Structures are given as structure tokens and as C-alpha cells.
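Understanding the architecture of this molecule
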Amino acid sequence: MAPITLFFGTNSSGKSSIGHFLMMLKQTMELADRKVIFYPGGRNTAVQLGSYREMVFGRDPARRIAFEYRWAPREPLTIEDPVSGEVYPGDEIGFRAQVGQVDRDRPALVVDRLEYAVWQEGELSLSIGMERAGSAKPEYKVEAQRYALKRNPGRAWNPGAPVHFYGFPDEVRSYYQNAGFVQDLNLQHELLFRSIAYLGPLRTRPERLYTWSGLEPEGVGFAGENAIAAFLAARGREISLGYRKRARPFEEIIATKLQEMGLIEDFKVSPISEQRQEYEVKVRVTAAGGWVDLPDVGFGVSQVLPVLVQAFCAPPGTIIIMEQPEIHLHPSAQAALADVMIDVIHSREGGEDRNIQLIIESHSEHFLRRLQRRIAESETLHEKVAAYFVHAGGRAGKPGARLENLPIDEYGNILNWPENFFGDEMGDITSQAKAALHKRLRQGRARGTSGEQGKGRPGRMTPGERGPGE
């Protein structure tokens, strides 16, 4: 994945599964009950994935869900062995796990295994993991590579189940003299998922009044319901849209971006009175026009506003997952939204790079075309964009989805453009030309027959014929 990572595909191809799975892991981590392995979600969560049977491939509860990912922690990791004194540095952390039902007939989930790997400049420093020792009891054995675990004196026993799907339990620290660093790995994992924000494809409808108590929300909410509160909380911030570019107030940036997208001329959020915590959002569509309430302008403005607020109010280091940020926008605004996203990944605050990563699911050809154009115009942008296409039919007749990487070169070209990526554009153009030709031939024959049978009658003017005075 890159600073801007794009997922394309047909409806129901499976492209949402990656973002939804990450959000399911996030809401599992945030759950207070540490015994829950996967929390599929409830009424107020980002995603609701149902039971394990509904979640797993083929709805076969005998199958396991295995997954892995790698990330760079905010600060380099340093692990020191208190027994040997050896130091293990790490600039990347890898994690993998396998989860499934205890058996086909019992819906309870179990972690078969989990493993962390610490990498330094592409070389493995160490790895440590837990694997289920047997099926009768939830007991696990702990194993490490390139790190010598030293057991505390006493009776041998196996640690219990992990915390959720990812965490070493406290018993591991108690069992080994030099395994305290596993809690640091747990924490780094939690910090990763705390940094993920999600904005779904269906945003809330605009209101005439918004209430804000002065609290600072974590983001705009899964449906953009907290967009105005987040906007007000960020008013005092100043953000630059690139290195050596002037920092501007947050409110000015949002208004400017809406203007550059051709959606409005101006935008403001104001309290209705000093004694109340209610605010109104006013929009001016044209320079000569008056101020109107947000619900009285095109629906696209209210739908893209949470996208802009989330992108620019997110704390540094945030990973933002967005589904169809271009929804309800006309084609030129969809293209301009790509320019906004480029500004987001280049933005700075307090003299430091905000380091925002965008994971975007989209159906917009105009969004992608603008990115391709900007890559061709830039020296380095192609290194900051990754694109994937999800094929619903799998490969060679096998069921399931297949993820295809779409390499983009420095000229903005997609090197392996999938067939019918955005529909059969050339086929439509060719078919239109053929149909138009056949129609002209039929019309010509009809006019010729009519002229022979009814000479002297006034004819009907057709395109291409010149009338009196033309």
C-alpha cells in the first residue's frame, strides 16, 4: 500500500472486504472483553459482518481465516534482552494470525496461532509467536526465532489464550524472564489500529442546525455525522499543503477546496446565538448569490464535506479508509477530488509532514484519470500511488475474488489495464458509430423511395439539409 491506495472493481466483487476486515479488527481491539477474538460489530459500529459462518469464505465454518500485514511504527522499535544484553532494532513490524471455530458444530472462535516479526532494513531481527497446543484446553506454546527465551524456575505449564486475536497474555511475561517486550508488541499493534479512521459510502443528510458542546471528536464519524463538530474543533489549526507552502487556517482550506471543486463560492459555520451551542452552515453558490443553508444546495456538497473535513482534521499518522468519496459529485468535481487527495498526502502541520495514508474504494474513472494526469506531470507522485482491481470470478474457474495489482508508471500509464475496467468504452463508441451508419442508410433509402412515389410533395427536412435562408 502507498500513501494513496485505490481499489476498483465491479459491484459485489469483494473490494470492500479489505477495509471492512481491518475495521472489524479495530473494533475488536476496542472491545473491553479481552476474550472476544473477533467482534463482527453491532448497531453503532463501523461494520457489521455477522456470524463467523457469514464472514468466512464459502460460508463454510470448517474453514479458517488467515491474515497478515506489515507496518512501520511511529518511532523505531528497540528490544533489549535483559538476559544476554543483546539489542534487537526494528523499523517495521509484521503480524500474522489464523482464527477459526473450535469445530464445525461449536460457534466459539479460537486463535490457532499468531506471530510477530520485527524487521530492520528488510532483515529479520526476531520473531515470536503463540500456537495452540491442543484441542481439549485453550493452552498455547510460545516459540521465538533469533531470540533465546529463558524460562523462570518452577513447574512447566502452558500459557492460556491470547488477548483478542493479537495479544500475548500476561502469563507469557510471568513464564519467561526476558519476554517483557511482548507487551510492547501488543501496544504497537493497538497504536496501529487506533490510527485508522473510516468513512463509509452513505453519509448523513445535511441539517439546518448542528449542536456542538465544545468537545473534540476523534473524526467525522462512520457516516459523517460528526463532520461539523470536527470542523469546529479544528478551527484553530493551520495546515500547509506542501513543503515550503504557506500554512493556512483549517476553515480556509475547506472553503477553498469546495471552491476549487466547482461546488460553491464560499462556505461558513456560525453560531445562531452566543447563548446557545447550535450552529448553522451557510453556503454561497455563486459570487453574486446570497447565503443559503446547507440543505438548500446540491446534495453533493453535504456528501463531500465529511470527506474533506476527515482528510484535513485527522491527526498526523492517520490511516483513512474511505468508500466512494466521490459519491453524488459530477464528473469535474470527481476529478478535482483527486487533486484534493494529493494535497492531503503532501500536507504539513507545525512544520512536520502529517503522514496521512488514504485507502480509497472508488468507482470513478474521472478520479483515476486525474491522478494519472498528475503522475505524468510530477517527478515523484507515481511512487505514492498504488492501484488494485478486484476480479469477482477468481482465476481459472476457481471461486472467490482475485486482487490484481495495477502498476502505474512515471507517465501515468496503467501497464495492465483490465478488460472493461470502467465498462466497454471503445465497444460503446464502435457500436454507436455502426448504429448511426445503419440508421443513415435506412433513412436515405426511405427518403429515396418517398421521393419516387410522391414527386412534387414537400419533403421533410433532415439533418445536413439546408433550408431557406440558411
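These lines cover the structure that appears in this document, whether it is placed above or below. (Residues numbered from 1 in each chain as written. Predicted model: local features only at pLDDT ≥ 70, side-chain atom pairs only at ≥ 80, totals over all residues. Heavy atoms only, no water.)

**Details of helix α1 (residues 16–29)**
An α-helical segment advances 3.6 residues per turn. Residues three or four places apart therefore align on the same side. For α1, spanning 14 residues, the distance from its first C-alpha to its last is 20 Å, which sits close to the expected 20 Å at 1.5 Å a residue. Counting buried residues along α1, 11 of its 14 residues qualify, which places the element largely inside the surrounding structure. Among all positions of α1, only S16, G19, F21, L22, M23, M24, L25, K26, Q27, T28 and M29 are buried. Where the residues of α1 are buried, they touch α2 (52–55), β2 (65–71), α4 (181–194), β9 (196–199), β16 (319–323) and β19 (357–361). (Helix = DSSP H or I, 4+ residues; strand = E, 2+ residues; numbered from the N terminus. Expected span 1.5 Å × (residues − 1). Buried < 20%, exposed > 50% of the residue type's maximum accessible area, 1.4 Å probe, protein only. Contact = heavy atoms within 4.5 Å.)

**Regarding the sheet that holds strand β8 (residues 140–145)**
Through backbone hydrogen bonds, the strands of a sheet pair up, either in parallel or in antiparallel fashion. Read across the open sheet, the five strands follow the order β2-β5-β6-β7-β8; overall the sheet is antiparallel. Every other strand in the sheet has two partners, leaving β2 and β8 as the edge strands with one partner each. Looking at each pair of strands side by side, their axes are set apart by 15 degrees on average, direction ignored. As paired elements, strand β7 (residues 123–132) and β8 share six bridges and run antiparallel to each other. From the neighbouring strand, G129 faces β8, where its bridge partner is E143. Its contacts with the sheet place α4 against β2, β5 (92–103), β6 (106–120) and β7, and it is angled at close to 90 degrees to β2. (Pairing = 2+ DSSP bridges. Axes fitted to C-alpha atoms, helices over the stretch in contact; angles between N-to-C directions.)

**A short note on the sheet that holds β16**
With mixed pairing, six strands are arranged side by side in an open sheet as β9-β16-β19-β1-β20-β21. Looking at which strands have only one partner, the edges of the open sheet turn out to be β9 and β21 (402–405). Taken pair by pair, the neighbouring strands of this sheet meet at an average axis angle of 20 degrees, ignoring direction. Summarising the sheet, β9 and β16 pair through four bridges and their orientation is parallel. Note on β16: the bridge partner recorded for A197 is I320. Strand contacts of helix α7 (residues 299–313): β9 and β16, with the helix running at about 170 degrees to β16, the strand carrying the most contacts. Along the sheet face, helix α8 (residues 331–346) touches β1 (4–9), β16 and β19 and points at about 155 degrees away from the line of β19.

**Brief notes about the packing of helix α6 (residues 250–260) against α7**
Where α6 contacts α7, the two axes come as close as 10 Å, and the packing angle between them is 140 degrees. Considered as vectors, α6 and α7 are oriented oblique to each other. Judged by the twist between their axes, the crossing of α6 over α7 is right-handed. On α7, the residues that touch F250, I253, I254, K257 and L258 of α6 are V304, L305, L308, V309, F312 and C313. Residue classes in the contact of α6 with α7 are distributed as 10 nonpolar, no polar and one charged. (Parallel < 35°, antiparallel > 145°, perpendicular 65-115°, else oblique. Left-handed = near helix turned anticlockwise from the far one by under 90°. Nonpolar A, V, L, I, M, F, W, Y, C, P; charged D, E, K, R; others polar.)

Geometric values such as these leave the question of function open.
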